[in-house]
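# Observations on the three-dimensional arrangement
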Amino acid sequence: MLELQNVNVIAEGKPILTDISFKIPDGETHILMGPNGSGKTTLLHAIMGTGNIEIKSGQIIFEGEDITALPTHERARRGIGVAAQRPPVIQELTLATLVDLVKKAGNGAKNVDELVQTMNCGYLMDRRFNVNFSGGEVKRAEFLQLLVQDPKLALIDEPESGVDLDNIAVIGRALHRLLKQEKVLDRHKSGLIITHTGYILEYLNADRGYVLIDGHIACSGNPRDLFEEVEIHGYEGCEQCIRCQ
Amino acid sequence: MNNRKAELKKQALAARDKQALYGPDMELGGYGMGNGEDKRLKNLSDIPSRLKEASLLAGFQAGEEQRSGSYLQQGENVLYDRVKDIYRNQIEVMQIEEALKKYEWLWDYWWKTVAVDTDKYTAWTELHHRGGYFMRIKRGQKVKMPIQACLLMSENAASQRVHNIVIAEEGSRAEIITGCSTSPKVDEGVHLGVSEFYIHKNAELSFTMVHNWGAAFHVRPRTGIVVDEGGSFISNYILLRPLESLQTNPRAVLRGRGARVRFNSIIHGREHSLIDIGSVIDLQAEESRGESVSRAAVSDEAIVTMRGLLRADTDKTRGHLSCSGLLLSRDAVVDALPQLSVSGAPGADLAHEAAIGPVDEESVQYLMSRGLEREEAESAIIQGFMKVGIEGLPEVLDQLVKNLGRQITESGRG
Ligand SMILES: Nc1ncnc2c1ncn2[C@@H]1O[C@H](COP(=O)(O)OP(=O)(O)OP(=O)(O)O)[C@@H](O)[C@H]1O
Ligand SMILES: [Mg+2]
């Protein structure tokens, strides 16, 4: 589905990501963790073609096609979608207008009303997008749009941050649905999920995890094992971990 | 009465060369005054096709399907003024000259909200006026269908000088949709329009005006509004096409307890347009409330000034002013000048906000990440920008604003 080959990213002349390489096969969900400022969000920007960054070298391959220089909307149309960590406030658009635009830009999802209900967004639809939305509302509006988009590859940035337990359940179910994880044998949807807490692992089967430190992948493996390690030794411990040496 | 008429003429003559407080000065002498011959249409559907097209752009229905009454003027010639039969007991719509002949009392409404010697434009209108409409919504009548008016220009380098009076009698409710427009080949001209609105006790009036002038037009509307106790006036103004210059600064006086006024302006400054638009709201009675919202998208080398003045001299008054400019080109010039003034009213509550900026790049990228092309994303944001804070636009306007977002991005942002 997605492959990164030696990707190097700079922002304002400063290197942010160095030599990032990994592969997400069809139907797999991978987890990305790492300390604040390590470059996780920047990595999603690089894949989506957004943000004020520059890809210095390396390739991003999506379904066999080099998309490194493709405009953002073309990437979206090929099937990549994002739930942002901190989406912008767009006071010019109501959530309803936005969802309508997303629907028209995509395949015209037929079940929008049902998705609005599922994400408990009904009362938000006439509000201006993200203006005074609570933390949980911001996340639910992200997942609503992502469900309408129904991408092949979902890039999800900290779905649980600022969200209470009830809403984590709502978002967990959305993730599950997005990644079509109810199908065990015939999984085609893929995901790359950034998380600090691992709560979200309760709601999905993650196949692999990476620890990003200071812009490079310091460790990879079974995501549950990685979380346990980090919980015990912290990210500092990760740098010295014997497994990775 | 004759004394007053003579006095008005005298004041107008004295102010004939008086420059306006705002906006570029201009010479009025060079424009044609027309032949002054009225050729009435029997039916509105007899309107020549080139005029029909122009009027349509300004939201005018030649078929009158959804309208209670209509007024149509081309240059100096009043082509049509009529009220549908079933609305005759509710409203009156007629050429102002006829109304002044019919109703002696109308002189008490003549030049009462706008001073005749305000500037050369009011003076010229008094000295040379031809046409303009008189609309009266009768006491207690709630009029279901809007009244429409259209002022057209179809001769090049001519001037139009109209004086309109609208009276909403006690307890009435109505909507007026007016448009000003030019035939396709008419580029140059002057429009002077004095409009006086009287909103009596508990009356509600919504007034929507769409402007579509030629690229070398000078436009100087002069508008005054008084609102009595419990009355409400909403003005929606929309300007979409390029022109040479527009300057207007309508003033509303809220003189009765609980009176309300709201000005909404939606502007697209294009090409070399010089636009200076404002509003003045005088809060003179307790519980009165005024709001003004201006939205200007500015392309090419257009220059747009948005003014606003809220003035309170009475307690328990409230006002809010909001001006926003969206920059769509390097050379666009935008000034936002909101002003608040309170004297001797420690309980008055006035506020303003102003913002000028480009289309937010992060928002555009966000929409692109959802599959929208850049142009689609920008268009959606521009369209949304025009309506922020403006609720309940009449349908005609809503449609125009929708097209506008598209039009701006399609024509390139300059
Ligand atoms: N456009 C930019 N210009 C300058 N610096 C940037 C830019 N984008 C990101 N950075 C910097 O790159 C580093 C990585 O940022 P990023 O947002 O990717 O971190 P993160 O791993 O997502 O952190 P967090 O867990 O706090 O969300 C930070 O130091 C950030 O300030
Ligand atoms: Mg981040």
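### Things to note about the coordination of the magnesium ion (ligand 2)
Around a metal, the idealised angle for a tetrahedral arrangement of four donor atoms is 109.5 degrees; for an octahedral arrangement of six donor atoms it is 90 or 180 degrees. Residue and element names in this part refer to chain A. Protein-derived coordination of the magnesium ion (ligand 2) comes from Thr 41 (OG1) and Gln 85 (OE1), at a distance range of 2.0 to 2.1 Å. Of the two residues, Thr 41 sits in helix H1 (residues 40-48) while Gln 85 sits in the loop between strand S6 (80-83) and strand S7 (90-94), which places them 44 residues apart along the sequence. Here Thr 41 falls in the partly exposed class, since its relative accessible area comes to 26%.

### Brief notes about the interface of chain B and chain A
On the side of chain A, 27 residues touch chain B, which itself brings 17 residues to the contact. Both sides together, the interface formed by chain B and chain A hides about 1,800 Å², and carbon and sulfur atoms give 62% of it. Considering only the surface of chain B that becomes buried against chain A, Tyr 366, Ser 369 and Arg 370 of chain B emerge as the three largest contributors, covering 35% of it. Across the contact surface, chain B and chain A share three salt bridges. If you look at where chain B meets chain A, you find 10 residue pairs in polar contact (both at pLDDT 80 or more). Tallying contributions element by element places helix H5 (residues 361-368) of chain B first for the side of chain B that touches chain A, with six residues. Classifying every residue of the side of chain B that touches chain A gives eight nonpolar, five polar and four charged.

### Some thoughts on the pairing of strand S16 (residues 280-283) of chain B
Residue and element names in this part refer to chain B. Side chains of S16 alternate between two faces, with Val 280 and Asp 282 and Ile 281 and Leu 283 buried alike. Where strand S13 (residues 251-254) lies against S16, four bridges are found, and the strand directions are parallel. Paired with Ala 252 across the bridge in S16 is Ile 281.

### A few points about the environment of Leu 43 of chain A
By the element assignment, Leu 43 of chain A lies in helix H1. Filtering out sequence-adjacent residues up to four positions away, Leu 43 of chain A remains in contact with Leu 4, Leu 17, Ile 20, Phe 22 and Leu 32 of chain A.

### Let's talk about the site of ligand 1
All names here are of chain A. Of all residues adjacent to ligand 1, which total 15 residues, the nearest are Gly 37, Gly 39, Lys 40, Thr 41 and Thr 42. One of the backbone nitrogen or oxygen atoms of Ser 38 is found 3.2 Å away from an oxygen atom of ligand 1. Here Gly 39 contributes a backbone N or O atom positioned 2.9 Å from an oxygen atom of ligand 1. Top contributing element to the shell around ligand 1 by residue count: H1, with three residues. By residue class, the composition of the shell around ligand 1 is three nonpolar, nine polar and three charged.

Reading guide: rules and limits
- Residues numbered from 1 in each chain as written.
- Chains lettered and ligands numbered in written order.
- Predicted model: local features only at pLDDT ≥ 70, side-chain atom pairs only at ≥ 80, totals over all residues.
- Heavy atoms only, no water.
- Donors = N, O, S within 2.8 Å, 3.2 Å for Na, K, Ca; no water.
- Helix = DSSP H or I, 4+ residues; strand = E, 2+ residues; numbered from the N terminus.
- Buried < 20%, exposed > 50% of the residue type's maximum accessible area, 1.4 Å probe, protein only.
- Contact = heavy atoms within 4.5 Å.
- Buried area = accessible area lost by both parts, 1.4 Å probe.
- Salt bridge = Lys/Arg side-chain N within 4 Å of Asp/Glu carboxyl O.
- Polar contact = N/O pair within 3.5 Å; in protein donor to acceptor, adjacent residues only side chain to side chain.
- Nonpolar A, V, L, I, M, F, W, Y, C, P; charged D, E, K, R; others polar.
- Pairing = 2+ DSSP bridges.
- Near = heavy atom within 4 Å.

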